[in-house]
Amino acid sequence: MRYDVVIAGAGPTGLMLACELRLAGARALVLERLAEPVDFSKALGVHARTVELLDMRGLGEEFQAEAPKLRGGNFASLGVPLDFSSFDTRHPYALFVPQVRTEQLLTGRALELGAELRRGHAVTALEQDADGVTVSVTGPEGPYEVECAYLVGCDGGGSTVRKLLGIDFPGQDPHMFAVIADARFREELPHGEGMGPMRPYGVMRHDLRAWFAAFPLEPDIYRATVAFFDRPYADRRAPVTEEDVRAALTEVAGSDFGMHDVRWLSRLTDTSRQAERYRDGRVLLAGDACHIHLPAGGQGLNLGFQDAVNLGWKLGATIAGTAPPELLDTYEAERRPIAAGVLRNTRAQAVLIDPDPRYEGLRELMIELLHVPQTNRYLAGLISALDVRYPMAGEHPLLGRRVPDLPLVTEDGTRQLSTYFHAARGVLLTLGSDQPLADEAAAWKDRVDLVAAEGVAEPGSAVDGLTALLVRPDGYICWTATPETGTDGLTDALRTWFGPPAM
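What counts as what
- Residues numbered from 1 in each chain as written.
- Predicted model: local features only at pLDDT ≥ 70, side-chain atom pairs only at ≥ 80, totals over all residues.
- Heavy atoms only, no water.
- Helix = DSSP H or I, 4+ residues; strand = E, 2+ residues; numbered from the N terminus.
- Rg over C-alpha atoms; globule rule 2.2 N^0.38 Å.
- Buried < 20%, exposed > 50% of the residue type's maximum accessible area, 1.4 Å probe, protein only.
- Pairing = 2+ DSSP bridges.
- Axes fitted to C-alpha atoms, helices over the stretch in contact; angles between N-to-C directions.
- Contact = heavy atoms within 4.5 Å.
- Expected span 1.5 Å × (residues − 1).
- Arc of directions from axis to C-beta.
- Salt bridge = Lys/Arg side-chain N within 4 Å of Asp/Glu carboxyl O.
- Parallel < 35°, antiparallel > 145°, perpendicular 65-115°, else oblique.
- Left-handed = near helix turned anticlockwise from the far one by under 90°.
- Nonpolar A, V, L, I, M, F, W, Y, C, P; charged D, E, K, R; others polar.
- Patch = residues over 30% accessible without salt bridge, like charges linked within 9 Å, V, L, I, M, F, W, Y side chains within 5 Å.
- Areas by Shrake-Rupley, 256 points an atom, 1.4 Å probe, with all protein chains shown as cover.
- Phe/Tyr/Trp six-rings, centres within 6.5 Å; stacked < 30°, edge-to-face > 60°.

Of the regular secondary structure elements, the protein chain holds twelve helices and 28 strands. For 503 residues, the compact-globule estimate of 2.2 N^0.38 gives 23 Å, and the protein chain sits close to it at 24 Å. Overall, the protein chain is about 75 × 60 × 35 Å in size when its C-alpha atoms are taken along their principal axes. In the protein chain, which comprises 503 residues, the proportion classed as buried is 55%.

Structure below.
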């Protein structure tokens with residue numbers, strides 16, 4: 001077959017998956033139905049865990065260049081920042097990176113790594129058997145077919161791939177709808193200080209169960225949103241006009257504030273759905289194709305990005321023939337509960353941003369709870385994905401958690417642990433003597449790099465007391481060692497996550 005994997009969709013999820021597959025040596029083709037890249041940004045933020053993963057692939061500096069750092073997250077825009085500083089991370093913030101920029105950077109990296117990208121090519125049908133998938137495509141020059149070992153649908157909430165598979169997409173219908181405009185305004189916008197979710201500009205109308213909010217995207221350009229609750233709403237796919245936004249602004253805020261130079265118009269709802277399953281044979285789903293939700297807290301792009309990193313190395317190892325048989329099944333087992341948690345917290349936020357006076361007591365209570373450090377940290381962990389923990393065999397509290405980006409003391413000087421993951425391979429990190437581990441792991445050296453460090457440059461790190469840890473390519477710890485346990489369980493962990501030893 002010409003391609004190992006065909007990816008439907010060139011958004012952040014599909015592009016990052018293409019990068020991961022190329023690092024694993026898989027031949028990847030990305031098909032995007034749109035002929036040209038979009039010139040507007042739906043998503044605007046990259047959360048702390050995503051920044052960590054970008055660092056692990058050598059992309060962190062590019063994303064951070066000139067990107068403002070948002071030191072606090074938010075939950076339902078209640079005005080109490082979520083504090084990321086208590087997490088063991090070099091990036092206790094979110095980056096303000098428009099989606100256009102994210103896609104530009106990921107497109108450049110995917111092409112540099114050798115992925116093929118075809119724009120204006122839409123998946124129309126698929127057939128699969130035990131050996132592969134035949135994908136029917138319509139391109140600028142007409143229909144054609146592509147054969148591949150696997151197909152991954154990263155084609156958004158209206159996923160063609162998911163529909164072709166007949167996978168159900170159950171969830172909750174909306175009770176909120178909103179119109180959005182990125183535009184300039186000739187008149188001064190009303191300041192939202194004291195308006196709860198309306199900061200920094202906006203108006204809340206309890207009598208209408210509606211609100212208007214705006215924030216600056218760049219000098220003189222604002223993203224304005226007008227939301228209504230429990231009203232009839234237009235079809236999500238229907239185009240939004242300037243007049244729609246002007247009328248909504250006038251109804252809620254009494255004026256359209258001289259809106260002009262409109263760059264982007266859209267609508268959104270708080271619909272939330274999750275695919276019944278993420279895999280059907282040789283076809284998988286990732287990103288919005290398997291979960292949609294209210295974009296509260298800016299979690300959507302990050303959720304899909306992390307789907308791609310989780311899936312990429314597993315699918316790459318499966319194609320290379322080094323993966324254990326069950327490895328690909330762990331993608332859905334690990335990622336589906338994470339997405340379910342995001343749907344749960346965004347549904348809660350949808351209630352909290354409803355200006356119905358009946359919910360005022362709930363909002364006041366949540367504001368009080370957000371000032372409690374333990375509650376704030378819990379919600380910060382949810383929104384940022386810094387607290388993700390995958391089910392993992394063993395009792396150590398670090399198992400299944402992300403490895404911090406430790407400053408390691410090596411024979412070449414101090415070096416960040418993240419720099420050892422640029423090739424998307426596993427890492428066996430030893431802190432002190434490494435010879436017994438080196439001998440036991442030698443048969444996996446084609447998949448796992450041995451990193452020997454004298455220790456960690458910063459005292460009081462999360463790995464204090466450990467002599468070694470095995471880390472998956474996506475940065476999650478799957479085995480630990482102490483002076484008492486020695487190498488116990490290392491071979492089993494290597495087999496579980498990296499397949500049988502090489503001959």
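Turning next to the sheet that holds strand β17 (residues 259-269). Sheet strands line up and pair through hydrogen bonds in the backbone, either parallel or antiparallel. Pairing is antiparallel across the open sheet formed by five strands, whose spatial order is β14-β15-β16-β13-β17. Looking at strand neighbours, the two that pair on one side only are β14 (201-205) and β17, the edges of this open sheet. Across the sheet, the mean angle from the axis of one strand to that of its neighbour is 15 degrees, orientation sign disregarded. Relative to strand β16 (residues 221-229), strand β15 (residues 210-218) runs antiparallel, the two sharing eight bridges. Its bridge partner being in β16, W211 is matched across the sheet by A227. Most of the contacts of helix α6 (residues 242-253) go to β17, to which it runs at about 85 degrees, and overall it touches β13 (176-185), β14, β15, β16 and β17.

It is worth spelling out α6 at this point. Residue pairs spaced three or four apart in an α-helix point in one direction, given the helix's 3.6 residues per turn. Between its first and last C-alpha, α6 extends 16 Å over twelve residues, near the 16 Å set by a 1.5 Å rise per residue. Among all positions of α6, only V245, R246, A248, L249 and V252 are buried. The buried residues of α6 occupy one face: seen down the axis, they fall within an arc of 165 degrees. Where α6 is buried, its residues touch β13, β14, β15, β16 and β17. Where α6 ends, the next residue or the one after it, G254, has phi of about 85 degrees, a positive value.

In this section: the pairing of strand β22 (residues 407-410). Here four bridges tie β22 to strand β23 (residues 413-416), and the two strands are oriented antiparallel to one another. In the strand pairing of β23, P407 is matched with Q416. In this antiparallel pair of consecutive strands, β22 and β23, the connection spans two residues. Sheet topology note: the β22/strand β26 (residues 455-456) ladder contains two bridges and is antiparallel. Following the sheet pairing, L408 is matched in β26 by V456.

Pairing of β14 with β15, which is carried by five bridges, proceeds in the antiparallel orientation. Among the inter-strand pairings, R205 is bridged to a residue of β15, identified as A210. The turn linking β14 back onto β15 is made up of four residues, and R209 within it adopts a positive phi angle of 50 degrees. Hairpin connection from β15 to β16: two residues lie between these consecutive antiparallel strands, with D220 at a positive phi of about 70 degrees.

A separate point is the pattern of salt bridges. Scanning all chains against the criterion turns up 34 salt bridges. Residue E20 pairs with R57 through a salt bridge whose shortest N-O separation is 2.8 Å. Here E20, found in helix α1 (residues 12-23), pairs with R57, found in the loop between α2 (48-56) and α3 (60-64); they are 37 residues apart in sequence, far enough to count as distant. Assessed through its relative accessible area of 2%, E20 is described here as buried.

Let us now look at the packing of α1 against helix α7 (residues 300-320). Direction vectors running N to C along α1 and α7 enclose 25 degrees, while the axes themselves pass 8 Å from each other. As summarised for this structure, α1 and α7 are arranged roughly parallel, according to the angle between their axes. Note that α1 runs across α7; the crossing there is right-handed. Facing α1, whose interface residues are P12, T13, M16, L17, E20 and L21, α7 presents L301, G304, F305, A308, V309, L311, G312, L315 and G316. Split by residue class, the contact of α1 with α7 holds ten nonpolar, four polar and one charged.

A separate point is the sheet that holds β26. Strand order in the open sheet made by the three strands is β23-β22-β26, with antiparallel pairing throughout. Both outer strands of the open sheet, β23 and β26, are each paired with one neighbouring strand and no more.

Within the fold, H293 resides in the loop between β21 (291-292) and α7. Classification of H293 by relative accessible area gives buried; the value is 12%. Beyond its immediate stretch of four places on either side in the chain, H293 contacts T271, S272, Q299, G300, L303, V342, L343 and T346.

So, on to a nonpolar patch on the surface. On the surface, a nonpolar cluster with roughly 210 Å² of combined accessible area is contributed by L365, L369 and V372. Assignment of secondary structure puts L365 in helix α9 (residues 360-370). Judged by its relative accessible area of 44%, L365 is partly exposed.

In this section: the packing of aromatic side chains. Centre-to-centre distance and the angle between the planes together describe a pair of aromatic rings. For the structure on display, the rule yields eight aromatic pairs. With centroids separated by 5.4 Å and ring planes inclined at 25 degrees, the aromatic side chains of F177 and F228 adopt a geometry described as stacked. Of the two residues, F177 is situated in strand β13 and F228 in strand β16; the sequence distance between them amounts to 51 residues. Judged on exposure class, the residue F177 and its partner F228 are both buried. Pairing F212 with F257 gives two aromatic rings, centres 5.8 Å apart and planes at 20 degrees, and the pair type is stacked.

Before going further, it helps to spend a moment on α1. Compared with the 16 Å implied by 1.5 Å per residue over twelve residues, the 17 Å span of α1 between its first and last C-alpha is a close match. The set of residues buried in α1 consists of P12, T13, G14, L15, M16, L17, A18, C19, E20 and L21. Taken together, the buried residues of α1 touch β1 (3-8), β2 (28-32), α4 (99-113), β11 (142-153) and α7. Two residues or fewer after α1 comes G25, characterised by a positive phi angle close to 90 degrees.

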